[in-house]
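# What the coordinates show
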Amino acid sequence: MKRIAVFPGSFDPVTKGHENIVRRSAPLFDELVVAIGVNADKKSYFPLDKRVEWLKIVFADLKNIRIDHYHGLTVDYCLKQNANYILRGLRTSADFEFERSVGQVNKMLYPQIENIFMLTRPEHTPINSSIVRDIHRNGGDISLFVPELVSGLIEAWQ
Ligand code: ADP
């Protein structure tokens, strides 16, 4: 059976933390789908097409990575993709508590799925998309926090 994993998130925008998790996880799977969950109730800061474009640029060198987006439940999307793994990154104990309950519920909904958690590298622990959005909104320098390949593109977006 092919090992297919989904890495779901908002990626609003992609950060060095996301990039590192994907690069370290890619060898573990035959295919890793980085999937933007589109939530009709939650307006994003960066538009979907840009978030997809930046992810495609960042991971263009990795052959087993696919970029996609989906509406609705993550587990339903996983089922459609024939994915048996949901990948999530863990920074803090707060992340763990949140991910534990989401992961356990997902497993109840779709028992074949396994939740895979990867610890962030220490230097990426304080990085999150919401901080990047705040810095961007206020015209600050985001380059320390987002992948080098797309830093200029994200910075220039308005
Ligand atoms: P969500 O809104 O679903 O949390 P995000 O785009 O913020 O989506 O994050 C997607 C995934 O990436 C989550 O598993 C999150 O824990 C992980 N992640 C976010 N930032 C980092 C980071 N700095 N280091 C490691 N993992 C991270």
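The notes below deal with the structure included here.

Rules used in this analysis
- Residues numbered from 1 in each chain as written.
- Predicted model: local features only at pLDDT ≥ 70, side-chain atom pairs only at ≥ 80, totals over all residues.
- Heavy atoms only, no water.
- Helix = DSSP H or I, 4+ residues; strand = E, 2+ residues; numbered from the N terminus.
- Buried < 20%, exposed > 50% of the residue type's maximum accessible area, 1.4 Å probe, protein only.
- Contact = heavy atoms within 4.5 Å.
- Near = heavy atom within 4 Å.
- Polar contact = N/O pair within 3.5 Å; in protein donor to acceptor, adjacent residues only side chain to side chain.
- Nonpolar A, V, L, I, M, F, W, Y, C, P; charged D, E, K, R; others polar.
- Core = buried A, V, L, I, M, F, W, Y, C linked by side-chain atoms within 4.5 Å.
- Axes fitted to C-alpha atoms, helices over the stretch in contact; angles between N-to-C directions.
- Parallel < 35°, antiparallel > 145°, perpendicular 65-115°, else oblique.
- Left-handed = near helix turned anticlockwise from the far one by under 90°.

Another aspect to go through is unusual backbone geometry. In this chain, D12 is followed by P13 through a cis amide linkage whose omega measures 5°. The topology assignment puts P13 in the loop between β1 (4-9) and α1 (16-25). Despite not being glycine, F11 has its phi angle at roughly 45°, a positive value. Along the chain, F11 falls in the loop between β1 and α1. In this model, N82 sits at a positive phi of 60°, which is unusual for a non-glycine residue.

So, on to the environment of G37. In this fold, G37 is placed in strand β2 (residues 31-38). Overall, the relative accessible area of 26% leaves G37 in the partly exposed class. Residue contacts for G37: discarding those within four places in its chain leaves G9 and Y70.

Glancing now at the site of the ligand. Neighbouring residues of the ligand: 14 residues in total, closest S10, F11, G89, H124 and I127. Contact between the ligand and H124: a nitrogen atom at 2.9 Å from a main-chain N or O atom of the residue. Where the shell around the ligand is concerned, the elements lending two or more residues are β1, α1 and β4 (85-90). Partitioning the shell around the ligand into residue classes produces five nonpolar, seven polar and two charged.

Attention shifts here to the environment of F96. By the secondary structure assignment, F96 is in helix α4 (residues 93-109). In this structure, the C-alpha to C-alpha distance between F96 and H18, residues 78 residues apart in sequence, is 16 Å.

Structurally, H124 can be placed in the loop between β5 (114-119) and α5 (129-137). Apart from residues lying up to four places away in sequence, H124 is in contact with K16, G17, N20 and R91.

Now for the nonpolar core. Among the nonpolar cores identified, the biggest contains 26 residues, and F7, V34, L55 and I65 are the most heavily contacted of them. Counting residues per element, the ones that place at least two in this core are β1, α1, β2, α2 (48-58), β3 (65-71) and α6 (148-156). A total of four residues in this core trace back to one element, the largest contributor, which is α2. Residues V75, Y77, C78 and I86 belong to the second largest nonpolar core, which totals 12 residues.

So, on to the packing of α2 against α6. The N-to-C vectors of α2 and α6 enclose an angle of 155°; their axes lie 9 Å apart at closest approach. On the basis of the axis angle, α2 is roughly antiparallel to α6. For the crossing formed where α2 meets α6, the hand is right-handed. Every residue of α6 that contacts α2 at W54, I57 and V58 is listed here: L149, V150, L153 and I154.

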